[in-house]
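Structural overview
Chain residues, written in single-letter form:
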Amino acid sequence: MSEELILHHYDSSPFGEKIRLALGLKNLRWRSVINSVVPPRPFLTPLTGGYRRIPVLQIGADIYCDTHLILRTIDRLRPDAPSLFANKTTEPLCWWWDKATFAPAVAIWASFVGDKLPKEFIDDRKTFAPGFELNKEASGANLSLHVQHINAHLVWLIDMLADGRPFLLGEPSALDVTAYHTLWLVKQNCGEGAATLLPDLYQPGVLLSWFERVAAFGHGTREALTQEQAFEIAKQATPVEPNYISQNIDNEWEIGDKLRIVPDDTGRVPVEGTLVAADRHEMVLRISDEKTGNINVHFPRAGFEVTRA
Ligand SMILES: N[C@@H](CCC(=O)N[C@@H](CS)C(=O)NCC(=O)O)C(=O)O
């Protein structure tokens, strides 16, 4: 039971869609825990130690934060082909795409749907991501700039596909689901309205054909689990010894140190815990209380700041 992949997400989450498609690509069985779009998330927050972003991957009493680490973890735990990380350039390319395109994609999305977003959502996301523009009028006023940003990066996807390859790196990989998820946010919500802005995504051509091939990965076999059930699984389980981590840490930290880890961009809610494992890709903090028992919370190194608690 505790071996199951449990994804905490909500259906409209683009980062959630990135992971759902990766699960589909690898044709995996997983448990789906739907969380509210706006916190509080009383059954999830105690498991993450406060990390507030979605999605989160749970395996028993181990919690994996951030889609970059979640993808690595899915590949590590379910190594059957296809591999999500075909070569050493895949991960930095995924990083490029998220950094370059997520904020402008959100702004394009908001310029279409901003007036329909509930006030509590807008208020929450103002503190979540202070630089992001969710106001319909403000993002609409700068729409052409946001579109320029996306199109400047889209052309590189088109260049990659120009030799007729079906996927960005040849074989399907994490880069496909990563590039897809921000475009999905726009296409799913703005519909034909964005067709003149992002023509490559709507008109027949290599990009649209690729987009449809990635959509066809599907989501694997998804089975519902309640928030309460997921919490109970964590409580009953014991964190797995992270033997796959070589403990190859820099001189700065030692196992047993009390540390604070916080995302360096959005959702900057820190998690405090005891360092149990680290290498140059990943850090693991142990958190513990009466309600949850011991939990290991895993973070990628890239995109997170670590300080002494
Ligand atoms: N770098 C993070 C970004 C995740 C992210 O921004 N997720 C959005 C949802 S798509 C989020 O957490 N929004 C606020 C929330 O749901 O509380 C990742 O790759 O996981």
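Since the structure is predicted, the reported quantities are computational estimates derived from the model, not experimental observations.

**A word on the pairing of strand 4 (residues 62–65)**
A two-sided burial pattern is seen for strand 4, the buried positions comprising Asp 62 and Tyr 64 on one face and Ile 63 and Cys 65 on the other. Judged from the 4 bridges that link them, strand 3 (residues 56–59) and strand 4 form a sheet pairing that is antiparallel. Following the sheet pairing, Val 56 is matched in strand 4 by Cys 65. Connecting strand 3 to the next strand, strand 4, in antiparallel fashion are 2 residues, including Gly 60 with a positive phi near 60°. Direction of pairing for strand 4 relative to strand 9 (residues 293–300): parallel, over a ladder of 3 bridges. The residue bridging Tyr 64 from the neighbouring strand is His 298, located in strand 9.

**A word on helix 7 (residues 143–161)**
Across its 19 residues, helix 7 extends 27 Å between first and last C-alpha, which sits within 8% of the 27 Å expected from 1.5 Å per residue. The elements touched by buried residues of helix 7 are helix 4 (90–113), helix 6 (136–141), helix 8 (174–190) and helix 9 (206–215).

**So, the domain arrangement of the chain**
Note: interface size is frequently given as the accessible area lost on complex formation between the parts. As far as domains go, the chain holds domain 1 (6–82 + 221–308) and domain 2 (90–215). Centre-to-centre, using C-alpha coordinates, domain 1 lies 25 Å away from domain 2. On the domain 2 side, the residues contacting the 27 residues of domain 1 number 24 residues. Interface area, domain 1 with domain 2, both sides summed: about 2,000 Å², of which 68% is carbon and sulfur.

**Overview of the sheet that holds strand 8 (residues 282–289)**
Spatially, 5-2-1-3-4-9-8-7-6-10 is the arrangement adopted by the 10 strands of the open sheet, whose pairing is mixed. Whereas interior strands pair on both sides, the edge strands pair on one side only; in this sheet they are strand 5 (221–224) and strand 10 (304–308). Looking at each pair of strands side by side, their axes are set apart by 35° on average, direction ignored. Along the sheet, helix 1 (residues 14–25) makes contact with strand 1 (6–9), strand 2 (29–34) and strand 5, crossing strand 1 at roughly 155°.

**A word on the side chain of His 146**
Tracing the backbone through its elements, the reader meets His 146 in helix 7. Ignoring sequence-local partners within four residues, the contact set of His 146 consists of Pro 104, Ala 107, Ile 108 and Ser 139.

**Quick notes on the pattern of salt bridges**
Counted under the stated rule, the structure contains 18 salt bridges. Between Arg 29 and Glu 223 there is a salt bridge, and its shortest N-O distance comes to 2.8 Å. With Arg 29 in strand 2 and Glu 223 in strand 5, this pair connects stretches of sequence that are 194 residues apart. Given the relative accessible area of 53%, Arg 29 is considered exposed. Among the charged side chains, a salt-bridge network with shared partners connects Arg 53, Asp 66, Lys 99 and Asp 265.

So, how was this worked out
- Residues numbered from 1 in each chain as written.
- Predicted model: local features only at pLDDT ≥ 70, side-chain atom pairs only at ≥ 80, totals over all residues.
- Heavy atoms only, no water.
- Buried < 20%, exposed > 50% of the residue type's maximum accessible area, 1.4 Å probe, protein only.
- Helix = DSSP H or I, 4+ residues; strand = E, 2+ residues; numbered from the N terminus.
- Pairing = 2+ DSSP bridges.
- Expected span 1.5 Å × (residues − 1).
- Contact = heavy atoms within 4.5 Å.
- Domains from an automatic or database assignment.
- Buried area = accessible area lost by both parts, 1.4 Å probe.
- Axes fitted to C-alpha atoms, helices over the stretch in contact; angles between N-to-C directions.
- Salt bridge = Lys/Arg side-chain N within 4 Å of Asp/Glu carboxyl O.

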